[in-house]
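Structural features, examined
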Amino acid sequence: MKRDLTCVACPLGCAITVEYDETGVLSVTGNTCKRGDAYARSEIVNPTRSLATSVKVNGGIYPVVPVKSNKPIPKSMIFDCMKAINSVTVEAPVKLGQVIIPNILGTGADIVATNHD
Amino acid sequence: MLNYDLVVVGGGPAGMAAALKAKECGVEKIIILERAQTLGGILEQCIHTGFGLHYFGEELSGPEYADRFIVEVEKTDIDVKCDTMVLDISECNLVTAVNKIDGFLKIQAKAVVLAMGCRERPRGALEMAGTRASGIMTAGTAQKYVNLDGYMPGKKVVILGSGDIGLIMARRMTLEGAEVKVVCEIMPYSGGLTRNIVQCLDDFGIPLRLSTTVIETHGTQRLEGVTIAKVDDRLQPIPGTEEYIECDTLMLSVGLIPENELTKNVGIAIDRVTNGAVVDEMRQTDHQGIFACGNVLHVHDLVDYVTLESQLAGQGAAEYILGTAPKETVYVNTVTGNGVRYLVPQRVNVKNPNDVKLYFRVGRIFKNARVVLECDGKTISSKKKVKLAPGEMENVVIPADVLAAMDENSSITVRVEE
Ligand code: SF4
């Protein structure tokens, strides 16, 4: 199998092609440096993203407070995590850095508030 | 009437960094006037991460980045008035403002830092047929609805313009369950950061159509759809390429305009390309004692650079107030050569004893080019660049010893060599 990627490890944005099968990555081409190779491999084997969204608040200045995952989470679990976050309502006051959902869906990442409310 | 050494107009990242730096340099009485309810500026609604990589070496969300500075401001004796609108700045630095508690305020300042930021180009600035149906808004307005008000403005979305706010909102709306049908960009390239194109569009399979624009909106009460079309080299729609796309929301991410009404009223010279004031290396405008920094001066790609620039303005204001600025001023204008759209600062006091960094943007994409700095006809530096893109701010440094050798007849040019 073959996939075309744009490397985001630096602003150059090299166009990288990865060939892979069930056993793993066979080849990485198009990258200018080692970081591109590492990025491409992780995109195939275990792509992760950091998630930023908001969560409902009861009794705050704003009806929602922004949150983020304190570690990247598997890309395939982004929408499941969104569902879990959107099913939660927290009580004001909320402090920046406060853990809203610990270890969300067993990913090892905490969902933490990134502002006060 | 109140008396302050320094009045800072705007409490976003630019205003806070300038005020803090001026304090650090020894300015006593400083006040920040902010139009919104809290300090932080636009960062408060930019809840995505990626801020602060350069300045803090961490990936912060917008509110987290702002909070670092809010905490610092609170530790000082800098006065802050939120919910306060500055109405006018006079020739002699008399600032007029209004708020609900004090009513009408007059503040005499020794120096003023302008840090009002920018606003989005609205629909009215575009040539687009159709009625005023609801569901058409700027991407930043949509961002406020979703991230501050917790309100989803639509379900089926088309985005016009691939600036970073548009890209960020494409992802945000998708995460919250909306369907983003397409992002149209009139130019043959995106003005957004590559990372955002990959992580906000490619990740979710959202198509980016280049050289494409929205020519008509449909629906009278609520938006029902838009007609998009390809454009030619002169950005004119090509007949026969029209396509109807059903949607209930159209978001516009078609550029930012520095908010310079106050600046213009004082009579400060404005750069026609940046739409911001003409400034020197300490970000002083052509009106003595008035400085400008951040997005009100020129639209930045990263807030980290806003912070650095605003610290310069804060230092410049402090030196002006404390009388420690270079006694002599000999200005040399900076000149844009091939491929360079603008340069900030637009002029440099060659009596300044330090290195001076010039920021610029290119007019189109260049590959394997060189950025050349030329002073008095001599090449000072020629740096190889694998890629230069209009979406990313570039910079080049004039070393102090080069400046020291200059006089009023000198020249400074930055150009791109292919
Ligand atoms: S491959 Fe290397 S040079 Fe190319 S974009 Fe990735 S990090 Fe940058």
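None of the values given here were measured: they were computed from a predicted structure. (Residues numbered from 1 in each chain as written. Chains lettered and ligands numbered in written order. Predicted model: local features only at pLDDT ≥ 70, side-chain atom pairs only at ≥ 80, totals over all residues. Heavy atoms only, no water.)

**Thoughts on the overall build of chain B**
Counting its secondary structure elements, chain B contains 8 helices and 27 strands. Whereas a compact globule of 418 residues would reach a radius of gyration of roughly 22 Å, chain B reaches 22 Å, a difference of no more than 12%. Projected onto its principal axes, the C-alpha coordinates of chain B cover approximately 65 × 55 × 40 Å. Counting the 418 residues in chain B, one finds 57% classified as buried. Long-range contacts, defined as pairs at least 24 residues apart, comprise 61% of the intrachain contacts of chain B with a sequence gap of at least 6. Total accessible area on chain B stands at roughly 17,600 Å², and carbon and sulfur atoms take up 49% of it. Where the 43 positive side-chain charges of chain B centre and where its 55 negative ones centre are 2 Å apart. (Helix = DSSP H or I, 4+ residues; strand = E, 2+ residues; numbered from the N terminus. Rg over C-alpha atoms; globule rule 2.2 N^0.38 Å. Buried < 20%, exposed > 50% of the residue type's maximum accessible area, 1.4 Å probe, protein only. Contact = heavy atoms within 4.5 Å. Areas by Shrake-Rupley, 256 points an atom, 1.4 Å probe, with all protein chains shown as cover. Lys, Arg positive; Asp, Glu negative; His and termini not counted. Charge placed at Lys NZ, Arg CZ, Asp CG, Glu CD.)

**Observations regarding unusual backbone geometry**
Of note, the amide linkage connecting Ala 92 of chain A to Pro 93 of chain A takes the cis form, showing an omega dihedral of -5°. With an omega dihedral of 5°, the bond running from Val 344 of chain B to Pro 345 of chain B counts as a cis peptide bond. Along the polypeptide, Pro 345 of chain B turns up in the loop between strand 21 (340-344) and strand 22 (347-349). A positive phi angle, near 45°, is found at Leu 105 of chain A, a position not held by glycine.

**Section: the pattern of salt bridges**
Counted by the stated rule, this structure contains 24 salt bridges over all chains. Between Lys 144 of chain B and Asp 149 of chain B there is a salt bridge; the shortest N-O distance is 3.4 Å. Looking at Asp 149 of chain B, the relative accessible area reads 30%, which means it is partly exposed. Among the charged side chains, a network of salt bridges with common partners joins Glu 43, Arg 49 and Lys 75 of chain A together with Asp 203 of chain B. (Salt bridge = Lys/Arg side-chain N within 4 Å of Asp/Glu carboxyl O.)

**Some remarks on helix 7 (residues 303-322) of chain B**
Residue and element names in this part refer to chain B. Taking 1.5 Å per residue as the helical rise, helix 7 with its 20 residues ought to reach 28 Å, and the 28 Å between its terminal C-alpha atoms agrees with that figure. Helix 7 sits mainly inside the fold: 15 of its 20 residues count as buried. Positioned one or two residues after helix 7, Gly 323 has a phi angle of 75°, which is positive. (Expected span 1.5 Å × (residues − 1).)

**Some details on the interface of chain A and chain B**
Every contact between the two is made by 26 residues of chain A and, on the other side, 30 residues of chain B. One salt bridge connects Arg 49 of chain A with Asp 203 of chain B, and the closest N-O pair in it is separated by 2.4 Å. At the junction of chain A with chain B, the criterion picks out 11 residue pairs in polar contact (both at pLDDT 80 or more). Breaking the side of chain A that touches chain B down by element, the ones donating at least two residues are strand 5 (52-58), strand 6 (64-69) and helix 2 (78-86) of chain A. Ranked by residues supplied to the side of chain A that touches chain B, first place goes to helix 2 of chain A with 4 residues. Of the residues assigned to the side of chain A that touches chain B, the class counts are 14 nonpolar, 9 polar and 3 charged. (Polar contact = N/O pair within 3.5 Å; in protein donor to acceptor, adjacent residues only side chain to side chain. Nonpolar A, V, L, I, M, F, W, Y, C, P; charged D, E, K, R; others polar.)

**Re the packing of aromatic side chains**
Residues and elements named next belong to chain B. Summed over all chains, the structure comprises 9 aromatic pairs over all chains. Ring centres of Phe 56 and Tyr 65 lie 5.4 Å apart, and the angle between their planes is 70°; on these two criteria the pair is classed as edge-to-face. Between the aromatic rings of Tyr 305 and Tyr 359, the centroid separation amounts to 6.2 Å while the plane-to-plane angle is 55°, which identifies the pairing as tilted. Taken together, the positions of Tyr 305 in helix 7 and Tyr 359 in strand 23 (residues 356-362) put the pair 54 residues apart, joining distant regions of the chain. Comparing Tyr 305 with Tyr 359, the two get one shared label, buried. Taken together, Tyr 55, Phe 56, Tyr 65 and Phe 69 form an aromatic cluster joined through their ring pairs. (Phe/Tyr/Trp six-rings, centres within 6.5 Å; stacked < 30°, edge-to-face > 60°.)

**Thoughts on the layout of surface pockets**
Volume-wise, the second largest pocket comes out at about 510 Å³. Forming the boundary of the second largest pocket are 22 residues, of which Leu 12 and Gly 13 of chain A together with Thr 194, Ile 365 and Lys 387 of chain B lie nearest the centre. For the lining of the second largest pocket, the elements supplying multiple residues, two or more each, are helix 5 (194-201) and strand 25 (378-388) of chain B. When residues of the lining of the second largest pocket are assigned to their parent elements, the largest contribution, 3 residues, is made by helix 5 of chain B. (1 Å grid on protein atoms, 1.4 Å probe; cavity = no way out; pocket = protein on both sides within 12 Å on 5 of 7 lines; lining within 4 Å. Points joined across faces, edges and corners; volume = space filled by probe spheres on them.)

**Focus on the sheet that holds strand 1 (residues 2-6) of chain A**
Residue and element names in this part refer to chain A. In spatial order, the strands read 1-2-3; together these 3 strands make up an open sheet with antiparallel pairing. Both outer strands of the open sheet, strand 1 and strand 3 (24-29), are each paired with one neighbouring strand and no more. Averaged over neighbouring strand pairs, the angle between their axes works out to 30° when direction is ignored. Pairing of strand 1 with strand 2 (residues 15-21), which is carried by 5 bridges, proceeds in the antiparallel orientation. Paired with Thr 6 across the bridge in strand 2 is Ala 15. Strands in contact with helix 1 (residues 34-45) are strand 1, strand 2 and strand 3; relative to strand 3, the strand with the most contacts, it is inclined by about 145°. (Pairing = 2+ DSSP bridges. Axes fitted to C-alpha atoms, helices over the stretch in contact; angles between N-to-C directions.)

**A short note on the environment of Met 152 of chain B**
Residues and elements named next belong to chain B. Within the secondary structure layout, Met 152 lies in the loop between helix 3 (139-147) and strand 11 (156-160). For Met 152, a relative accessible area of 29% gives the class partly exposed. Residues contacting Met 152, with those up to four places away along its chain left out, are Val 146, Met 173, Glu 176 and Ala 178.

**Focus: the sheet that holds strand 10 (residues 136-138) of chain B**
Residues and elements named next belong to chain B. An order of 10-17-11-12-13 is seen for the 5 strands of this open sheet, with the pairing classed as parallel. Looking at which strands have only one partner, the edges of the open sheet turn out to be strand 10 and strand 13 (208-209). Of the strand pairs in this sheet, strand 11 and strand 12 (residues 179-184) are connected by 5 bridges, and their pairing is parallel. From the neighbouring strand, Val 157 faces strand 12, where its bridge partner is Val 180.

**Side note on the nonpolar core**
Residue and element names in this part refer to chain B. With 34 residues, the main nonpolar core has Leu 6, Ile 30 and Val 113 as its most contacted residues. Within the residue set of this core, elements represented by two or more residues are strand 1 (2-9), helix 1 (13-24), strand 2 (30-33), helix 2 (62-75), strand 8 (103-114) and helix 7. Contacts of Val 113, omitting those with residues within four sequence positions, involve Leu 6, Val 7, Val 8, Val 9, Ala 18, Phe 291, Cys 293, Ala 313 and Ala 317. With 29 residues, the next largest nonpolar core counts Val 9, Leu 33, Ala 109 and Leu 114 among its residues. (Core = buried A, V, L, I, M, F, W, Y, C linked by side-chain atoms within 4.5 Å.)

**Considering the domain arrangement of chain A**
The domain architecture assigned to chain A consists of domain 1 (2-45) and domain 2 (52-113). Each of domain 1 of chain A and domain 2 of chain A has a C-alpha centre, and the two are 31 Å apart. (Domains from an automatic or database assignment.)

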